[in-house]
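Each chain, written out:
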Amino acid sequence: MKFSTLQELAACCGEDQVTIGELMLSEQAKESGKSEQQTFDAMANYYRIMKEAVRKGLEEGVTSRSGLTGGDARRVHQYMNEGVPSLGTEACTALAYALAVSEINASMGRIVATPTAGSCGIIPGVFVSAQERYGWDDERLVMGLFAAGAIGYVIANNSFISGAEGGCQAEVGSAIGMAAGALTELRGGTPEQAVHAVGLALKNSLGLICDPVGGLVEIPCIVRNGFGAVTALAATDMALAGVRSVIPSDEVIGVMLEVGSAMPSKHRETAKGGLAQTPTGRRIMSELYGRKTKDSGENR
Amino acid sequence: MRFKDVFSIIGPSMVGPSSSHTAGAVRIGRAARRIFGALPEQADITFYGSFAETYRGHGTDLAVAGGLLDYRTDDERIRDALAIAASSGMVLTFKSGHNPAVHPNTAKLSLRGGGREDVIVASSIGGGNIELTEVNGFDVKFTMNYPTLLVFHKDRPGMLSDITGILGGINIGYMDVDRKGRSGDALTVVETDEPVPAELVDRIRRLSDVSRVCMADLTAEEVER
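Since the structure is predicted, the reported quantities are computational estimates derived from the model, not experimental observations.

A. A look at the packing of aromatic side chains. Residues and elements named next belong to chain B. Applying the stated criterion across every chain, the model contains nine aromatic pairs over all chains. Taking the centre distance of 5.6 Å and the plane angle of 85° together, the rings of Phe47 and Phe51 count as edge-to-face. On the basis of relative accessible area, Phe47 is assigned to the buried category, the value being 0%. On the accessibility criterion, Phe51 (0% relative accessible area) is buried. On the basis of an interplanar angle of 25° and a centroid distance of 6.4 Å, the ring pair of Tyr55 and Phe94 is categorised as stacked. Residue Tyr55 is located in helix α2 (residues 49-58), and its partner Phe94 is located in strand β3 (residues 91-96); the two are separated by 39 residues in the primary sequence. Like Phe94, Tyr55 is buried. Put simply, the rings of Phe47, Phe51, Tyr55 and Phe94 touch in pairs and so form one group of aromatic residues. Sitting over the ring of Phe36, Arg116 keeps its end group 4.3 Å from the ring centre. Looking at Lys180, its charged tip hangs above the ring of Phe138, at a distance of 4.4 Å from the centre.

B. Local environment of the domain arrangement of chain B. Residue and element names in this part refer to chain B. For chain B, the assigned domains are domain 1 (14-136) and domain 2 (145-225). Computed over C-alpha atoms, the centres of domain 1 and domain 2 are 24 Å apart. Between domain 1 and domain 2, a total of about 1,100 Å² is buried, with carbon and sulfur atoms accounting for 45% of that surface. Counting the surface domain 1 buries against domain 2, the share from its top three residues, Arg27, Arg34 and Ile35, is 46%. Here domain 1 is connected to domain 2 by one salt bridge.

C. Geometry of empty space enclosed by the protein. All names here are of chain A. Tallied over the entire structure, the rule returns four cavities of 30 Å³ or more. Approximately 150 Å³ is the volume attributed to the largest cavity. What lines the largest cavity is a set of 19 residues, and nearest its centre among them are Gly118, Glu171, Cys210, Val217 and Cys221. Ranked by residue count, the leading element in the lining of the largest cavity is helix α9 (residues 168-186), at three residues. Taken together, the residues that form the lining of the largest cavity break down as nine nonpolar, six polar and four charged.

So, how was this worked out
Residues numbered from 1 in each chain as written. Chains lettered and ligands numbered in written order. Predicted model: local features only at pLDDT ≥ 70, side-chain atom pairs only at ≥ 80, totals over all residues. Heavy atoms only, no water. Phe/Tyr/Trp six-rings, centres within 6.5 Å; stacked < 30°, edge-to-face > 60°. Buried < 20%, exposed > 50% of the residue type's maximum accessible area, 1.4 Å probe, protein only. Helix = DSSP H or I, 4+ residues; strand = E, 2+ residues; numbered from the N terminus. Lys NZ or Arg CZ within 6 Å of the ring centre and 35° of its normal. Domains from an automatic or database assignment. Buried area = accessible area lost by both parts, 1.4 Å probe. Salt bridge = Lys/Arg side-chain N within 4 Å of Asp/Glu carboxyl O. 1 Å grid on protein atoms, 1.4 Å probe; cavity = no way out; pocket = protein on both sides within 12 Å on 5 of 7 lines; lining within 4 Å. Points joined across faces, edges and corners; volume = space filled by probe spheres on them. Nonpolar A, V, L, I, M, F, W, Y, C, P; charged D, E, K, R; others polar.

Okay, here's the thing in C-alpha cells:
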C-alpha cells in the first residue's frame, strides 16, 4: 500500500485525483495481483451479505444463542414507524439497521466483520440506510466500503482493531471512524473532509472499554453498534459542515494506541471488569455457565 | 504491517459472534488441520488470555472444531461443530491455560492421529486475522493469508537455496527459519504469492535432509484473497 497514515492517504488521493475508495481499489488489486473487477466483485459480495443481514434482523427478529438479547432492532423500527423518533426517521433507521446486523451476529448468523464482528452493525447500518435515503446504487456503496477499508487499514496498522488488545474503542470506535469517513466521501466530501470525520468520530470513543457481560458479544455490544451508527452520521455532518479535527486524525489514532495499551486486562474483553462484573452482569454469567455446564455434552 | 490489505479490515464473511474469538478461531483450527494434513483423531486445545476467559460465550470451541473440520469462517454448520466432530470420530478436549507472555487471544492445538502429532500455537489478532507463532516447538510467524509451505529439515548449508531454487519463478513474499540448534532440526516457512504446484512440493520433499513438507493454503477457499 502506498499510504500508512491518513495524511498520506489524503495526499495520495490529491496527487492521483481519485477518491479514497478508488485509491484503495487500485492499491488492493496491485497488492493481491487480482484484477480491479475481481476485487470489486469480492467487495460487492460482502455488501450483499450486509444487506441480507439487515433484512433478516428486521424481518425475522432473531434471538441470540444465549437467549439474552434479540428483537431490539424490530422494537426500534416499529416505534419509528408509529411516531416521530427523537433522532428523526433517517438516523433512527441507521440505528435500527445497525442493531439488526448486530443481533444477527449474536445469533451466530452470517455477517461481514467491519472491522470486527463485535462492530459489524455500524457500517451496514450507516450504508444501507444512506442508500435508501439518497437512492444510491450498490456500486457506489461498494466503493464506500473500499474507502472505509482504507481508513480501517490505517487505524489497524497504527493502533488496533481488537477489543482484547485495545478495548471497545478499537472495535466500535474504529468502525464509527470508518463509517464516518466513508459516508463523508459518499456524500461528496473531499478526502481531507473524510479524514477530519475520522478524527472527530474517534475522539468520541477514546477510552471506551470492552466489558461484555458473560464474555458474549451482546451486552453492551449490540446497543453500542446502534449508538455507533448515529455517531457516524453526526461526525459526517460536522465534517461536511467544515468542522475540523484540530488534533490531526493520525494523532488521535496514536492516542487510541496509548489509551488501549494502558487499559487493564480486565477491561479488554476478559469479562473481568466493567459491566460484566456488575451484580447483574455476574448473575447473568453464573446463570449462563451454570446452565451450560449442566446440559452441554462431554465436549465442553 | 500487521494488516496487509483491505480485506483484512472489511471481512471476512463469517458466522458470529466474534471476529477474533469465532472467525479467527475457525481459521486457527483450519490452518492447523491443513498443516496436520488430515482430520485428527484427537485434538487437545488449550486457550489462553481472553480466549480462556470467554471461549464458551463466543463459541470459540465450536469455531476451532469447525476449523478442524475444514469449514470456512461463514459455514453455518459451525454452530453444530462439536456434535459433528464427535460423529466424525474426532475427540476434542478444551482447557484454559495461563501464560502472560502470549497474545491475549491465543490457542495451543495438539493434534494426534495416524501415529503422528503436531503442536501448533496461534493467536487471533483482530478482524479474523491470525498469526501462527509456533509449530512443533519451532518459533515462527506467519498468517495464512498466502499459500504457505512448511519444510521440516536438517539445518545444513545450501538448504534454503535448494528450496528456493525449486520454487523458481514463484515469488516468495515472506520467509521464516528457526532451528533447534546448529545442524539440528529446522523448520522453514515460506509464504508465496501463488500456490506451489504439487509437483514442486514433491521435489522439495525428495531433497536430502528434508523430513516433511506441508503445503497449507487457505486462499483458494477464502474468496477475497
